[in-house]
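Understanding the architecture of this molecule
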Amino acid sequence: MIEAAIYGYGNIGSGVAEVIEKNQERIERAVGEGVHVKYVLDLREFEDDPVREVLVHDVDIIVNDPEVKIICETMGGNEPAYTFTKKALMAGKSVCTSNKELVANHGAELIKIAAEHGCNYFFEASVGGGIPVIRTLNNALKQEKILNISGIVNGTTNYILTKMEREGAAFEDVLKEAQELGFAERNPEADVEGYDACRKIAILASLMSGKSVDYKDIYTEGITKLTAEDFLYAKKMGRTIKLLAMSKLTEDGYLAMVAPVLIGEKSPLYHVSGVFNGIFVKGNMLGDSMYYGSGAGKLPTASAVVADVVEAGRFPGKHLPIDWSEEKAALADLSLSKRRFFVRFDRNKVPEAKAAAEFGNGRVVFLEECPEEYGYITPEMSEKEFAGKFEGMDGAIARIRIEE
């Protein structure tokens, strides 16, 4: 029997305990022996939960117990998770985590520490919930040169955008409903401003490049400025709006960004709706592949953590390499990248001829529901060129990038 411990008995931590208990037979068949949760670390007391029998409040009890071989870190946040994880790895214990913030901040460093101490730092659950995209990149696609990763990696924002599109609702109303249903946090800033998706694409971009991509260097834009009118225009154009996290290999380095974009029906991400996630990966030999599933939630995320437990249990005392070094990856300058843009103009302030003169010959989109304005699809131009024209134009209402 492999002895394990769980750091943090919140939503995901309790889910990990549940998955281990209910799927013990499957785990034993995969590993060759069962997994037993010897300790759960949490500051709180759980008087009415069986976990009270294994509950401890001192991390050193776990770190100093030679029987414990694997730790599931589901605390979230950077500290004390970082300190506790380092202690465990330096004691030769493998750590399996769902903590995207910690992985984004210290992934390469913690992988290196694990290698030095003959154990593993696994983080399948940090991106895409139950979707096995990280193991796919590390194992099934390790022979590929990854050219592009684009994904819907935040279920909260995808739920909000889906409701706005289907019901014509305002952002604030759908956000409130999402909070009431438990799909959004009381403080939803990390989700709706794109910060959560940014950390996830930083992790994927690091695995894609084999080097470190700092999430603080990635341009990030959320969904708070989107309106019901934007979706009316999108429908008229045969498109929808998704918050995409993207990393593309270019001649100038990796072009990484998180932003709302207009995508068409030919995109594999077009039909990813509700709280589901979808991640598109393009390899130089494989071509296109798509990974879809539950991107969040207690049991899907916990299942991904336990998948890492199984992997660590199959190779006791052996470090399984992950291609992610502490060297910084070269990032391309977003301002020089080119694309088309969709712009909404006040008809009284910006006649169609003025838009064409400013942005070049494009396509005009009218809506009966919005007689005082119109939409304009620009020709392809750089981010820098577009920003210079858009920001100085009185009567420009809003803009959304177009992803081909």
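The structure reproduced in this document is the subject of the present report. (Residues numbered from 1 in each chain as written. Predicted model: local features only at pLDDT ≥ 70, side-chain atom pairs only at ≥ 80, totals over all residues. Heavy atoms only, no water.)

**Points about the overall build of the chain**
- In terms of helices and strands, the chain carries 14 helices and 17 strands.
- Compactness check: the chain gives a C-alpha radius of gyration of 23 Å against a globular reference of 22 Å for 404 residues, within 12% of the reference.
- Dimensions of the chain, computed from the C-alpha atoms along their principal axes, are close to 75 × 45 × 35 Å.
- Here the chain holds 404 residues, and the buried ones make up 55% of them.
- Considering only intrachain contacts with a sequence separation of at least 6, the fraction spanning at least 24 residues in the chain is 72%. (Helix = DSSP H or I, 4+ residues; strand = E, 2+ residues; numbered from the N terminus. Rg over C-alpha atoms; globule rule 2.2 N^0.38 Å. Buried < 20%, exposed > 50% of the residue type's maximum accessible area, 1.4 Å probe, protein only. Contact = heavy atoms within 4.5 Å.)

**Brief notes about the sheet that holds strand 1 (residues 2-7)**
- Within the open sheet, the 6 strands sit side by side as 3-2-1-4-5-6. Their pairing is parallel. Both edges of this open sheet fall to strand 3 (55-56) and strand 6 (121-122), since each of them pairs with a single strand only.
- Of the pairings in the sheet, the one linking strand 2 (residues 35-41) to strand 3 comprises 2 bridges and is parallel in character. Considered in strand 3, the bridge of Val 40 is made with Leu 55. (Pairing = 2+ DSSP bridges.)

**What about the pattern of salt bridges?**
- Following the criterion strictly, the structure yields 29 salt bridges and no others.
- When the shortest N-O distance is used, the salt bridge between Glu 404 and Arg 340 registers 2.8 Å. On the criterion of sequence distance, the pair formed by Glu 404 in the segment after strand 17 (396-402) and Arg 340 in strand 13 (residues 338-346) is long-range, its members being 64 residues apart.
- On the basis of relative accessible area, Glu 404 is assigned to the exposed category, the value being 65%.
- We classify Arg 340 as partly exposed; its relative accessible area is 27%.
- Glu 373 serves as the salt-bridge partner of Arg 344, at 2.7 Å between the closest nitrogen and oxygen. Of this pair, Arg 344 sits in strand 13 while Glu 373 sits in strand 15 (residues 373-377), and the two are 29 residues apart along the sequence.
- Residue classification places Arg 344 among the buried positions, given a relative accessible area of 6%.
- For Glu 373, a relative accessible area of 10% gives the class buried.
- Salt bridges sharing common partners tie together Glu 221, Arg 339, Glu 383, Arg 399 and Arg 401. (Salt bridge = Lys/Arg side-chain N within 4 Å of Asp/Glu carboxyl O.)

**Some details on the packing of aromatic side chains**
- Scanning all chains against the criterion turns up 14 aromatic pairs.
- Relative to Phe 359, the ring of Phe 345 lies with its centre 5.9 Å away and its plane at 45 degrees, an arrangement referred to as tilted. Residue Phe 345 is located in strand 13, and its partner Phe 359 is located in helix 13 (residues 352-359); the two are separated by 14 residues in the primary sequence. Of the two residues examined, Phe 345 and Phe 359, each falls in the buried class.
- Taking 5.7 Å as the distance between ring centres and 45 degrees as the angle between the ring planes, the aromatic pair formed by Phe 345 and Tyr 374 counts as tilted. Taken together, the positions of Phe 345 in strand 13 and Tyr 374 in strand 15 put the pair 29 residues apart, joining distant regions of the chain. Taken individually, Phe 345 and Tyr 374 each receive the classification buried, so the pair is uniform in this respect. (Phe/Tyr/Trp six-rings, centres within 6.5 Å; stacked < 30°, edge-to-face > 60°.)

**Structural notes on helix 10 (residues 195-209)**
- Its 15 residues give helix 10 an end-to-end C-alpha distance of 21 Å, which sits within 8% of 21 Å, the value for a rise of 1.5 Å per residue.
- For helix 10, the tally of buried residues reaches 14 of 15 residues, placing the bulk of the element in the interior.
- Positioned one or two residues after helix 10, Gly 210 has a phi angle of 80 degrees, which is positive. (Expected span 1.5 Å × (residues − 1).)

**Some points on a nonpolar patch on the surface**
- On the surface, Leu 181, Phe 183, Val 275, Phe 276, Met 290 and Tyr 292 cluster together into a nonpolar patch covering about 510 Å² of accessible area.
- A residue is classified by how much of its surface remains accessible, and Val 275, at 31% relative accessible area, is partly exposed. (Patch = residues over 30% accessible without salt bridge, like charges linked within 9 Å, V, L, I, M, F, W, Y side chains within 5 Å. Areas by Shrake-Rupley, 256 points an atom, 1.4 Å probe, with all protein chains shown as cover.)

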